Structure formats: C-alpha cells, structure tokens
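So you can see what is in the structure, the chains are spelled out below.
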Number of protein chains: 6
Amino acid sequence: MNKNIQTFIGCDREYKDASIILFGAPFDGTVSYRPGARFGSSAVRSESYGIETYSPYQDKDLCDIEVYDGGDLELPFGNTEHALSVIENYCRRLIKDKKVPVMVGGEHLVTLGTVRALVDEYPDLHVIHMDAHTDLRDHYLGEKLSHACVMKRLWEILGDKRIFQFGIRSGEKHEFEFAEKHLFIRKFDFSGLEELLPRLSGKPVYLSLDLDVLDPSVLGGTGTPEAGGVTFKELLGALLKMKDLVMVGADVCELAPHYDPSGVSTAVACKLLREILLLIGG
Amino acid sequence: MNKNIQTFIGCDREYKDASIILFGAPFDGTVSYRPGARFGSSAVRSESYGIETYSPYQDKDLCDIEVYDGGDLELPFGNTEHALSVIENYCRRLIKDKKVPVMVGGEHLVTLGTVRALVDEYPDLHVIHMDAHTDLRDHYLGEKLSHACVMKRLWEILGDKRIFQFGIRSGEKHEFEFAEKHLFIRKFDFSGLEELLPRLSGKPVYLSLDLDVLDPSVLGGTGTPEAGGVTFKELLGALLKMKDLVMVGADVCELAPHYDPSGVSTAVACKLLREILLLIGG
Amino acid sequence: MNKNIQTFIGCDREYKDASIILFGAPFDGTVSYRPGARFGSSAVRSESYGIETYSPYQDKDLCDIEVYDGGDLELPFGNTEHALSVIENYCRRLIKDKKVPVMVGGEHLVTLGTVRALVDEYPDLHVIHMDAHTDLRDHYLGEKLSHACVMKRLWEILGDKRIFQFGIRSGEKHEFEFAEKHLFIRKFDFSGLEELLPRLSGKPVYLSLDLDVLDPSVLGGTGTPEAGGVTFKELLGALLKMKDLVMVGADVCELAPHYDPSGVSTAVACKLLREILLLIGG
Amino acid sequence: MNKNIQTFIGCDREYKDASIILFGAPFDGTVSYRPGARFGSSAVRSESYGIETYSPYQDKDLCDIEVYDGGDLELPFGNTEHALSVIENYCRRLIKDKKVPVMVGGEHLVTLGTVRALVDEYPDLHVIHMDAHTDLRDHYLGEKLSHACVMKRLWEILGDKRIFQFGIRSGEKHEFEFAEKHLFIRKFDFSGLEELLPRLSGKPVYLSLDLDVLDPSVLGGTGTPEAGGVTFKELLGALLKMKDLVMVGADVCELAPHYDPSGVSTAVACKLLREILLLIGG
Amino acid sequence: MNKNIQTFIGCDREYKDASIILFGAPFDGTVSYRPGARFGSSAVRSESYGIETYSPYQDKDLCDIEVYDGGDLELPFGNTEHALSVIENYCRRLIKDKKVPVMVGGEHLVTLGTVRALVDEYPDLHVIHMDAHTDLRDHYLGEKLSHACVMKRLWEILGDKRIFQFGIRSGEKHEFEFAEKHLFIRKFDFSGLEELLPRLSGKPVYLSLDLDVLDPSVLGGTGTPEAGGVTFKELLGALLKMKDLVMVGADVCELAPHYDPSGVSTAVACKLLREILLLIGG
Amino acid sequence: MNKNIQTFIGCDREYKDASIILFGAPFDGTVSYRPGARFGSSAVRSESYGIETYSPYQDKDLCDIEVYDGGDLELPFGNTEHALSVIENYCRRLIKDKKVPVMVGGEHLVTLGTVRALVDEYPDLHVIHMDAHTDLRDHYLGEKLSHACVMKRLWEILGDKRIFQFGIRSGEKHEFEFAEKHLFIRKFDFSGLEELLPRLSGKPVYLSLDLDVLDPSVLGGTGTPEAGGVTFKELLGALLKMKDLVMVGADVCELAPHYDPSGVSTAVACKLLREILLLIGG
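Residues numbered from 1 in each chain as written. Chains lettered and ligands numbered in written order. Predicted model: local features only at pLDDT ≥ 70, side-chain atom pairs only at ≥ 80, totals over all residues. Heavy atoms only, no water.

What follows concerns the relation of the copies chain C and chain A. For the pair chain C and chain A, the best superposition has an RMSD of 0.0 Å and corresponds to a rotation of 180° with a translation of 0.0 Å parallel to the axis. Accordingly, the operation relating the two chain copies is best matched by a two-fold axis. No C-alpha of chain C lies nearer the rotation axis than that of C:Gly29, which sits 2.7 Å from it. Mapped onto chain A, 100% of the interface residues of chain C again fall at the interface, so both copies present the same surface. (Least-squares fit on C-alpha atoms with pLDDT ≥ 70 in both. Contact = heavy atoms within 4.5 Å.)

Within a sheet, adjacent strands bond to each other through the backbone by hydrogen bonds, running parallel or antiparallel. All names here are of chain A. The strand order across the open sheet formed by eight strands is β4-β1-β5-β10-β9-β6-β7-β8, and the pairing between neighbours is parallel. The open sheet has two edge strands, β4 (67-72) and β8 (184-187), and neither has a second partner. Geometrically, the sheet is characterised by an average inter-axis angle of 15° between neighbouring strands, direction not taken into account. Direction of pairing for strand β5 (residues 100-105) relative to strand β10 (residues 246-253): parallel, over a ladder of three bridges. Note on β10: the bridge partner recorded for Val104 is Val252. Packed on one face of the sheet, helix α2 (residues 80-96) meets β1 (20-25), β4 and β5 and runs near 175° to β1. Lying over the sheet, helix α8 (residues 264-281) contacts β1, β4, β5, β9 (204-210) and β10, oriented at roughly 170° with respect to β10. (Pairing = 2+ DSSP bridges. Helix = DSSP H or I, 4+ residues; strand = E, 2+ residues; numbered from the N terminus. Axes fitted to C-alpha atoms, helices over the stretch in contact; angles between N-to-C directions.)

Another point: the side chain of E:Arg169. Residue and element names in this part refer to chain E. Structurally, Arg169 can be placed in the loop between β7 (163-168) and α5 (173-182). Here Arg169 sits buried without a salt bridge, and the closest side chain of opposite charge, Glu226, lies 5.3 Å off (N-O distance). In this structure the side chain of Arg169 is engaged in a polar contact, spanning 2.9 Å, whose partner is the backbone oxygen of Asp212. (Buried < 20%, exposed > 50% of the residue type's maximum accessible area, 1.4 Å probe, protein only. Lys, Arg positive; Asp, Glu negative; His and termini not counted. Salt bridge = Lys/Arg side-chain N within 4 Å of Asp/Glu carboxyl O. Polar contact = N/O pair within 3.5 Å; in protein donor to acceptor, adjacent residues only side chain to side chain.)

With that settled, consider the interface of chain E and chain B. On the side of chain B, 23 residues touch chain E, which itself brings 23 residues to the contact. Here chain E and chain B share an interface that buries about 1700 Å² over both sides, 53% of which is from carbon and sulfur atoms. Where chain E meets chain B, there are zero salt bridges. Seen at the junction of chain E and chain B, the total is 14 residue pairs in polar contact (both at pLDDT 80 or more). The class makeup of the residues in the side of chain E that touches chain B is nine nonpolar, nine polar and five charged. (Buried area = accessible area lost by both parts, 1.4 Å probe. Nonpolar A, V, L, I, M, F, W, Y, C, P; charged D, E, K, R; others polar.)

All names here are of chain E. Running from N to C, helix α1 (residues 40-47) and helix α8 (residues 264-281) cross one another at 80°; their axes reach a closest spacing of 9 Å. The angle between the axes of α1 and α8 places the two elements in the roughly perpendicular class. Note on element contacts: α8 touches α1 through Thr266, Ala269, Cys270 and Leu273, opposite Ala43, Val44 and Glu47. Tallied by class, the residues present in the contact of α1 with α8 amount to five nonpolar, one polar and one charged. (Parallel < 35°, antiparallel > 145°, perpendicular 65-115°, else oblique.)

Looking now at the side chain of C:Ser55. Residue and element names in this part refer to chain C. Take Ser55: it is sitting in strand β2 (residues 54-55). For Ser55, a relative accessible area of 0% gives the class buried. Among the polar contacts listed, one links the side chain of Ser55 to the backbone nitrogen of Gln58, at a separation of 3.0 Å. With residues near it in sequence (within four places) discarded, Ser55 still touches Lys60, Arg274, Glu275 and Leu278.

On to the packing of aromatic side chains, then. Scanning all chains against the criterion turns up 54 aromatic pairs over all chains. For the ring pair A:Phe188 and F:Tyr57, a centre distance of 4.6 Å and an interplane angle of 5° mean the geometry is stacked. With A:Phe188 in the loop between β8 and α6 (193-200) and F:Tyr57 in the loop between β2 (54-55) and β3 (60-61), this residue pair bridges two chains. The interplanar angle of 65° and the centroid separation of 4.8 Å between the aromatic rings of E:Phe23 and E:Tyr90 together place this pair among those described as edge-to-face. (Phe/Tyr/Trp six-rings, centres within 6.5 Å; stacked < 30°, edge-to-face > 60°.)

What follows deals with unusual backbone geometry. In this structure, the amide linkage connecting C:Gly105 to the following residue, C:Gly106, adopts the cis form with an omega of 0°. With a phi angle near 50°, B:Leu141 is a residue other than glycine that sits in the positive phi range. Mapped onto the fold, B:Leu141 is located in the loop between β6 (126-130) and α4 (150-158). Accessibility expressed as a relative area gives 34% for B:Leu141, which makes it partly exposed. One non-glycine residue, D:Lys98, adopts positive backbone phi at about 65°. If you trace the backbone, D:Lys98 turns up in the loop between α2 (80-96) and β5 (100-105). The exposed category is assigned to D:Lys98, whose relative accessible area is 66%.

On to the state of the cysteines. As used in these notes, a disulfide is a covalent bond between sulfur atoms, one from each of two cysteines. Per the counting criterion, the structure on display carries zero disulfides over all chains. The thiol of B:Cys253 is not disulfide-bonded; the next cysteine sulfur, from B:Cys91, is found 12 Å away. (Disulfide = S-S within 2.5 Å.)

Moving on to the interface of chain C and chain A. Contacts between the two partners involve 23 residues from chain C and, on the opposite side, 23 residues from chain A. Across the chain C/chain A interface, buried area totals approximately 1700 Å², and carbon plus sulfur atoms make up 53% of it. Between chain C and chain A we count zero salt bridges in total. At the junction of chain C and chain A, the tally comes to twelve residue pairs in polar contact (both at pLDDT 80 or more). Broken down by class, the residue content of the side of chain C that touches chain A amounts to nine nonpolar, nine polar and five charged.

Time to look at the sheet that holds strand β10 (residues 246-253) of chain B. All names here are of chain B. Strands sit in the order β4-β1-β5-β10-β9-β6-β7-β8 across an open sheet of eight strands; the sheet is parallel. Lying at the two open borders of the sheet, with one neighbouring strand each, are β4 (67-72) and β8 (184-187). With direction set aside, neighbouring strand axes in the sheet form an average angle of 15°. As defined by bridge partners, strand β7 (residues 163-168) adjoins β8 across four bridges and the pair is classed as parallel. If you follow Phe166 over to β8, its bridge partner there is Arg186.

Here it is in structure tokens:
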C-alpha cells in the first residue's frame, strides 16, 4: 500500500524507537534581508530523495541508525517569542525522552529555542558555530530577538569562551572585537578546529550550522549570501573531524530554497544533513 | 505532537472511513515535448496549504467530506506498461473497496490506467475529456502508449460516442476528423456542455482534466502549453455545471510545476482539485 | 549633473510642494504562506521607468500633479506592533501637514497603520477593500496582528457597514458570514460598486488594494495567489469609476516581486499606482 | 539520416520553391528598457516543435504551403544603421525574387528595414500596426533610430493616413495627438478594424505585430510589458479577419524569451506566426 | 546568403569530409529524479556561440579539425530499448564509415547504445567513466535499462577491469563493493588517473563523461546534482592528460539545461565538448 | 524623516566632500551574446544593503572614507560613440574636481570612456585588466566600438606594455599572439601579479575588472560566462595585493544580474566594489 508519510530519506523509525529526532522549524520572521528560510525544512525533506542513504565518506547508512522525522513544528508568524517557545518546549520534551534533537531551520534565530532547552540538561554546553556572519549584534533596528543577534543571546546564556565560531567573514567591527574577547572566533575558514577538538572532548557540544558559511557558489539559496565562503569539501572535512565529540544536538539553518531555482542548494543541505545525522547516530 | 504526514489540505481521513481516495501518479515517461509532470502530484499536495478548505463557489468544505490522501504511487521510469499496471491495480483495489478514485498526474497517459480498472465495474463508462489536444494519434514515433494517443486507446476500450471532448485546439487534421466521427468534440471552449448533461444523467462518468485546456496565461506550468485556451472562470463554470452527474472517478493531469516558477499553476491546480473533490464528495 | 535620488516615475516634487506623499512600507513579518512583499515598494519604484507618466485612460499626466516620493520607511522585522507604529506615526505627520498618504506595501497588515492614523482626522472614514481574501479571521495561529486578520482589526476601529469588500473569493465560511453581517461584501468581482458610489459621495474614503484581487494570470508575484480573480481591465474600470470620491488615503499591497521573474506583476502594480495617484491628485 | 537543419516547424521548402521567406532579425540594440528581443527568432524556431502544423482555426496546414526558413540574419550590435541596411538589402533581394518576406524580430525598429525595401516595390503600401505603444516619438534620448520612434520613421516614408494602429495604450500625450492627426489610431483594442478592411481591399498591406499588444498575462516575455492589453483570442480574431487582404509582408517583433522562464510567451508567438504564415500563404 | 543550418560552433564540415561525427541523443526516459536531459544536446549546439573555437589550453582550433554535426537523433519516448537501438544503429553506420562518434546526451543510459556498437569493432574496448554516481545498480524499480544501471550493463558486455571510474561519490554500499571488485574505481576525484594511463596506452578507449561529476556549483543544470564534486579545472586537467590515448568514441551526458536558468551549465558543457573534440581530432 | 536617496551602502557623502565618486554607466549596446549589463549598476546599488560597510579583510569601513554615489549616467541606446562621450565628459569633470572616478558598468566598452578622460591627466597611465576574454579584436562584425575590442582601443591610446592582463582564457589565437607582443598577458590566473607590482609602483594605475574573470560558478550573472575562471578568494587576494598602488580610477563591469536569479552574482559584485573603494579611499 502506498503511503502518505513524508520524511527525510531513510529517517522512517517510530518516535519511540529513535535515538535522534529530526524536526523542522519553518520560521523566518526576523530575517532582515531576504526571507524564505521557512521553506528550508520542507524542501530538505522532499528533495532528500535525490541522494542516497549511504555515505561513502563515513561508510555508514541512514538505514542503520534510528532517526524519527517529526515533521515541521507549527510556528506563528509575527510573534517571535512565541515561536521560540514552541521550539524550546518541543525540545524539552525530546530531551526528557532521551532523544537528540536535530533541527532544520528556518532562520538562525531558531537556535535560541533549542539551546534554551538544552542548557538546563547540559549546563556545560559548548556551541560550535559555522557561519558567514558573527550574529553578535546586541539588537537589530531595536529588536533583541533577531537572526543578527542570535549568538549574542546565546552568549548571554552560556557565558564566555563557550561559543566557537568558524568561517566568519561579515559583521560590524565591534562584533569582531566582541568575538575576540568573549568567544573563540576563526575568520574565513576552519583553521584551528583540529587544535580545538581535544578541549571539547567529552563535553556536551551543540553544532549550529548556518549554511551561508558555504560560499554562495556552493549554496546560493540563502537569505544573505556572502562571498568568500568555504567549499563543500572544506565544510564536510570539518564536520568529519568532529566524529568523536559528544554531540547533544545540532541544527542546519538558513536554507532559503526559492532563491536557488536549480535546486542545488537544497541538494547540498540534504547531503550535509545526512552526514550530520550519521555523525551523531552512527 | 507535530506530524510527518503530508496530505492535500483537508484530506486527512483514514482509508477505511473515506469515500474518495486521492492519489498521485508521478509518471511522465512518454511526454514528447517538456517532461516534468511527475512533480505535479507532490506539488499539489505541498502547495495546497495556500488555499482554504472552504469553497465559496459550492458553499462546501473539504473538512466535511471524507477523503483519504494515499500519497504517490511508486512508478518505474522507462517501462510504460508496467507503470500503467501499477495504476490499474491500485485502482481496482479502490473500486473493490467501494472508493471513488481521484488521481493527480503525471502526464495524461495515466488516465489509461484508471479507465482500464473502471470499465470492468462500469461497462457503460462515459468520459468527459477537457484538453487542448485531441490526444487521438494512433501512435507517436511508433509508440502506441504515448500521452499523444491516450484518447485513442480509451476509444478502443469504450467505443464510439462515449468520449466527450471540450476545449480542443490542437491536433493533426485527421485527429479532428476522427473525433467528429467517433467522439463528441467541441473545439476551443465548453459550448454544448449544458445540452450534453441530460444525456449523461445517471450514467457513470469519468472526468479527465488535462490542465492544458486552460490558457497558458492561467496555467503555464505544463508540458505543452497551447495558446487560445479557456479562462479559469470558464473552466470552473463548466465543472460546477456537472454537479448532478454520477462521477465514478476523475483525474487532473499534466501539471509540470517546474515550468512555472511563480507557483501560480500549482495554485490553480489545487483550487480545481478542491472543487472536483467537493463536486464528487459533497 | 546626474542624480542619486530614486522616486516613482514623475513623482519628483519637494515634500513641501506636494499634496500627495507616496511612501513604501516594506514589511511582511506576518505573512503566513510566501513572504517577499517587503520588496514590493522598491520594485515598484525602480521598475516604474518602464511605463509612461501620461495615462490615456484619464488623459492626465503624473508630471502635472504634485507627488513627493518619500522612499521607504525603516521597519523592524520581528516586532509587528512596532512596525505598525512607525507607519502610523509617519502617517499622522502627513495628515498634520495636509498631505494625502499613498502607501505601497508590504503585506496587507500595514493598512492598519494608516487607518489608525486617518480615523482620528476622519471619524467617518469608509474603506473600499479590493482583495481575494476576506482577511476577517479573528486571529491566525493565535496572533491578532496578522495579514489574515487586518480587516477584522479595521472593523473593530470603524464599526459596522464602513468596509466595502470586492473581489473576495477565499476565506473560511464564518468569515463570509461575518462579512455579510457587518460589512458590505461582493464575492468574485466588482458588481454593485456603481450602485454603492452615491452612498459614499462626499464621505472620506480610503482605498485598500490588495493586488491579489487580480487573477494570478495577471499578477502572480504575490504571497498567496488565488485563482479566479478579476482581469486588469475589470480592476482599472472599477478604479476609474471612483473618480469623484473624496479619497483621503490609499494603499497598494502584497506585491511580492520575486515570485514573478518576468517582472510583469511589478509592471501591473506600477500602472495601477499611476492611475490611483492620478485619480487622487488629478 | 538525421539532419542539422533547423527551421520553424513545417517550413522546410527550398528557397527557389517557396513563395514566403521566413527570416529572423536578431537585433535589440536600441531597446530602452529590457533588452533580449535578439533571442526571439531563434526561440520561435526551436520551440515551434511544441505546436502542430495544422490550424483548426483556418483548417489549413503549414505543410501545404511553401515557406523557406532562411535562418537568422547576421546583424552587428552597436551600429543601428548598419543593421537596418542588412535587413533592407536582404528584403530587396526577396522582393526581386518575388517572395513575400515574413520577419521575426528582434526589437520593433527592424520593421524600418523591411518597409524601406517594400515601399519601392509598393509605393501605395499601407501598414497595420498592432502594439501597446505608439512608437511615435521623434527621438529617444537624442536618437532617431530607436524602437520608440519606428512608427514616426515609417510615417516619414509613407505619409499621412497610411498607418493603422490598434491596441495602443502607452505613449506621451503628444504622440497620441500626432496619431489622431496623421494616422489611424484605435486605443486599447481592435474596434474599428472590421470597418477599416474594405478601405484596404486590394491595397498592398504590411502587418507589423509588436507582441506587446497582448496583455502581459498572455505574453510576459517582452521588453516593455504594458498591462491592459488584448487577449490571445482577441488578437487571433483580428488576424483572421484580415484573410482577404493583399499582404505583401509581415513581421512579429519584441519577443524577449528570457523574461518568461515558462516558455509560454514563445509558444504564443509560435502559434501567431503559424496563423500569419497560413493567412499569407494559404 | 544566410543559412538555416545549426551546428556546434566550428563543426561545419560535410559528413564525407569529417573524421569525427558529433550527434545528439535527446533521451531522458529512464531518469529517476529530475528529467530534462533531452534538452542537453540542442542547448549545447545553440549556446556554443558564446565560446570561441580556439582553445588556449591545447593551442588548437575547432576550425582546423574535421567535425560534422549531424544534429539530433529522433528518439521515441516511452520505449527505452527502441531508443537505444536507434543510437546503436546510427553508431554502427558511423563506425562502418570510419568516423569517430561523439555523442551529446541525453541521460547516461544512451552510452549503452554507442558501446554496443563500438564493442563489435573494438572487442578490447576500455571505458573511462567520470561521474558522481556509480550507476552500478542491477535494476532500478525493476527496470534493467535505467540510467542508474548503465555501468552494470556495460560491465556485462565488457567484463572485469575494463571500466575505470573517477569522481564517484554516490551509490549504495554494494555498488561501491562491486566496483572495487570488478572495475577500477576512484572515489571523489581523479587521483590515480595518471598512473592508469600507461596501461591504456594503445588500447581503444571510450570516454563517458557524466557532467554531474562536476560539483553542482560548477554545473547545477543536471538531473541529480551531487555535492562534493570536482572543479572545472580539475576535470579539464584530467581530460588534457588523456591526449595520447586512442579515443575511439566519447560522450557527454546529463546536461539538463532548464534547471540552470543562468545558462552557466550549458556554457561549461560547451567548453568541455570543445576540448574533447580537440583532444580526439587535433 | 525617511529619504528617497539611493546610494551604494555607506557612500553617502556630498559631492564636494568626497574624494571618490562612484557612478553607474548602464550601457550594453555592443554586447554580442547576452545583453543585460545595463542593469548592473542599479542592482549593485540596491543589493548593497545585504553586505556590511566594514571589511574584515582590510579592517576598514566605508563609513570612514569619503565616497559620493552620483547615481547612473543617462546613456542613449543605439549610439555607441555618444554614450562613450557622456562617460568621458562626466569623467573629465570629476578629474578637474580632483575626484577619483569609480565606475560600475555596463558592458566593458564603457572603460574606453573613462580611459579617454584619464589619459590626458595621466599620460603615463597603466591599466590592470582582469577578464576572461582578451577583448583584443580589431573589430567585431565590422564594428570597432565593441566590447570585444575595448582593449585594442585602449592599446591604440596607451601604446605597448601599458596594459596588464590577468585571468584571460578566451579569445582568437591572433589575440593571444597580439597580447604576448604588445601587452603583458597572464593566462588563466594571477600568477606574476606580485612580481609586476614593483614596476607599477608610483605610476598612475587604472583597474578594469571585468567580472567574468571569475569562474561562472562564482558569478554566473554575466553576458558571456566562461568556465575555468578564478575563485572569489583568488580575485580578492589579487586585489588586496594592490593596496600600495596609486590608483587613479577603476571600474567593475559586465554584471548582468538578470541571468542570476539567486542574486549571488550581485552580492559578489557588491563585496568586490566595497573592497576596491576601501583600497582606493582607505
């Protein structure tokens, strides 16, 4: 009998049997430049059938790990705090049920929802943040809950030296200065990642991947494309290095598929999501 | 709890409770000009959330009728007969379970699958065919199973004066001559439909709607757009006139959403599908 | 010397000399389906150079009336009430300076900002509302400030029988019932407009034009395209009939130009805006 | 053996056997707004395989008339007069060989090339001009050879009351005044065409069809889309009325296919070209 | 006199004078994900005029070698075996006439047609296969003739260790295992190519280039884009290394130009085809 | 009060206070392949709000230097020499006022306008030319003023060994030979740039950046995309090396934004323009 269930490829376990819960957070209400990240999670799900479940990079298969795809959360537009609460509450339930949350955005602000939930369980939470932008503004046109401020909000929760930024190439001068002082920041690429890993060993790590860390040639379907990014192979290489970390959650954000009519951006996001799921669940 | 089931809006009954079964037939293997109708059914499903379940035209609501959305059939590419068999067999099961099949294409050849199944149950089956093209070629580049030949194949099953064509404006001269002789044909629009209805009263009717009957200004996302078609209001008006027919099945074909980046074609198809479901189920 | 000022074509008066102030409200924070209306006002401005300043319909020329194009307001994303306040305050200043505001959206909720400002000056304000959607929901996913609720919010301010809806073809059943009871509603087209005009004679009228009242074949670049709309000539005809009304403000909303790569939607919006400006200022 | 010859569908006679010569003039060097009409003729040729050679409107078939498709002229960019000379000279040769030229633009200025050639052979030449724009500027930013001036240039050659304009809805006020005085002009539609035909009976007529006479909903792939145009059926109806005229040449201009990713504009142009060829050659 | 012949740039010899025959195989009937490769060959031909005939990489010019562009084969849709036979038979004729076939797809299955023809003439045929995908499935949804199985079918003809795969990064686990055992496979890039060349020296070699071996950033216009591919310079470098091989045929497949509205994918394919033609014919 | 002035981000000084004058030259009248570069300068201006004014590469901020954005020149289409004169005259005025001109094209021929003006003030002018194409044809289809000839025209003014070409990978053989003899040419990349810089030290240098020097994967929105180009990081690296040169003018040409619906090409151009402005003004 044919089915009417739609999941990311290979993620067809039942909730109760799954160790990882994949879900979408289709919110882009604070995007300042080009909206559309709300379509990211559903695009990733429907286009995932263009890739395989098997990864020749990790020699693992999605069919061999336990992932439940919970679909998309229903998030209101026009009320940012409410949307974040929905994410946070969903995430708290997953944590209670001993599941690892893997969220597909949506814009980057959604990370605040998952981190709020995770930090209670993991007070020592560390965040690896891959992005083109610092996201360290204190407010944007007066708003504190903006995708341009999400890392500042996370820092307020986590404190100094708990956020590790890579690939950053855009921000105001004072944001870079703040990052140098209070975070770990690596401009332009992933240099220094390898040296960092021993420090994170055994600690609870959350991976927040803003897809615009990639060069826009690789992924143009995003709200704020920023030239000078990393290649797919560089990003994949960085992810594979993290295979021994204790990853307690992850997100993949800022895919805005409408801006890339070729579908390539979505295909790239699908493949990265597969690798992250295999990294956590394999 | 959020869900991972994707259906056409408002079509969320269980199979056993439903009187209408909606399903997709994502096949476009014989398309001669521009392929892509395989994406029609999934586009209709995911974009249906841009319309309402309530129709102000019929003053009815999808939430008040019983429709199960069975998702898409899994059809092989490269083997036309096999794909048709899958459709036919699925349809036979629905008929056995006393369900009315409503299929979303895919290309127009898929109609052959449903009609093959229906004609056993309803030997007196009549077909209302809305289309820009006659589809009455005997073969196309040697192939008998082609979307350009589907009405010829149906005629071979149903015989003379059982197919009623409307909106036709493209074909070879001999196709028009064949239609005049063996079918009912109305070129360019829906004139004559009203007079026809009494003749069809009480008879089992199958509606086959090739969306390219619409003018390409209304629906450009189709494989073979043909200028000079009907407007949305003309088509909707024609459909509403059929409300007293005994409709034992229907299909909506030839939406190729990639050719219309505005999404308008899909939105048009969604609304027509809603009206057809309400026509049958209301 | 070349210039760096960008205005809608022919709208190059100084603020102090102008009787009409054109401005953009680039906000789409509550859009539920496809965002992008934030780009409407700037697209209208830059693409206006594809049309002429002279209207053969009204035999009038934008160069002969006094319009100042004030550019776009700076509106925060993620805080709906704040955005509305900026619009309202700007509008209050225009009213104080005896200017007629003509706003280009942005999504339809921005109308709430201008109407809040106008109703103090014109307690007897009447609103002509052209739209595909009723916009009469009480809330949308819990939010009262949503583009799906804007007419309900206006009704709360203006009271019964002050809002006149045309072209409506989408909504929930209870919205249509509410409209029948508390507003004037004309489904599908502009029938009844002519008869209505004498009742509005001499009264302060605000025109709110949601561009999705047009059929998506005419204007596909909008957030929620809804088949079955009016043609350009029908809409233009309706507008021209209003030439003797006392129009104290107007808006043109919901152009989302990215969804129409042909640029036709923007060209349509430009021409309608020209005609509205000439209607008010001529 | 497969072939490497590309022609408009059904136009595969040899030059010597043909009575009509179809050719492309891929020039858009004076376009003021959006260039791209240079791609019109090749798009029409390659996409013509989506339509049939048989017309159910005229009950005629392209295979039954004699048309040679001469391909595209090689026209320089950056030298307008030179490009016009190439067109004119090619056309003179066709006239000498007793062939009827049917040109596919390119922008509208190319009409000046064919008319220059035809007027020597037919001093009494009359022009039927279908367009959204008057094209009666004396110069555009100082240039006399501009697509915005082509009808003024034709008037200088042909004199008063020899040009008959239909569908016009854009221009400067003085252009409309000039047209009223020196040409026949019908704003907005084809009213008056029927009455005009007896006056043109037996006279040599040139048909110049600027495709933007169509509403942009029908044909958005053009340099300067102008809302409020005619429908396809209105245009086709007007063409079919001309079947008894002595048509000594024709052109179809201003298709800019890149602006319409759906391909619908090109499909519309193909069908109109088929009908014009059948009108002349049938 | 202008011409109506359309060839790839610089490939304008007569059949009898040519040593290389270029032809198109516009077939995509077994494509499982996104169809459209049928438009590849005609796009390559018409867009080739954006590049030069001279290669600064090889210091050779297409004008100095003898290539006849035979246009596109006429292939039926819906009958895979028939389409393959047409390709095979055409190819047999070329071989009989001592011509080297260079085919532009179409989907990758078309390679089976040329190899079937070549293997009779060259029983010792070796195949260099550049691709993102293993294409080594035994069947796909039950079909043996699928683009996902083409290399398995070739292996059945050629036997062990005659196929050399490069750039592979997608497949099921068992496909990689099969490749390790029965073929030469190099995952991800062209490492090992240089070492391989001496082994192929003097042997008849067929080059099958599936363009999706390129990273989708370079060529997004393909049916199944797969992130992590090679750059243009890496691919070109690999091709140039093969200059001393005895190349008895080649193909370039899987360009689906509609998915890349920028035209860049087609431009990339044109340049690669030029280099391959110069490699063989220079 | 909101404003109606549109400038490149951060370029909001008054003319009199500025040391650098940014202006647009929206001309593409001689483009041989795909026109549309006329839209480059306005796209760069409106999309510049997607990047920051601060450069982490140079640790400088546009807000700290003095740039006036003079908007776009009004250039006629169809008269190449006239367009060049407008550019030249504007540039002469800037030089007289001691301003450094930074021009955004438009097609590459516009460089001839600025260089004509600059060479009188700086007889020893040297040009660094980054491009995919040699642009050294003597004429193109008979026209000397063509974008394919602009470097030949510059050479006629400047003489031997004053033009330094980088990244070149397309041209006719004789163009490469001419370049080797009369210019400095570096094929494919920026090798040799570093060694060159001492020779240019203290000399007046003009930088002419044809954006198609970038690989089309990075910037596809250009008239003649040519595979095999440099990456963004390579180009940025080359620019940053020039920080000690005496740059008396610069241009950024051949962005044709319509060909890249993702907007990435424009975003790339914006960032490069920011870096060039900071290089000159910082």
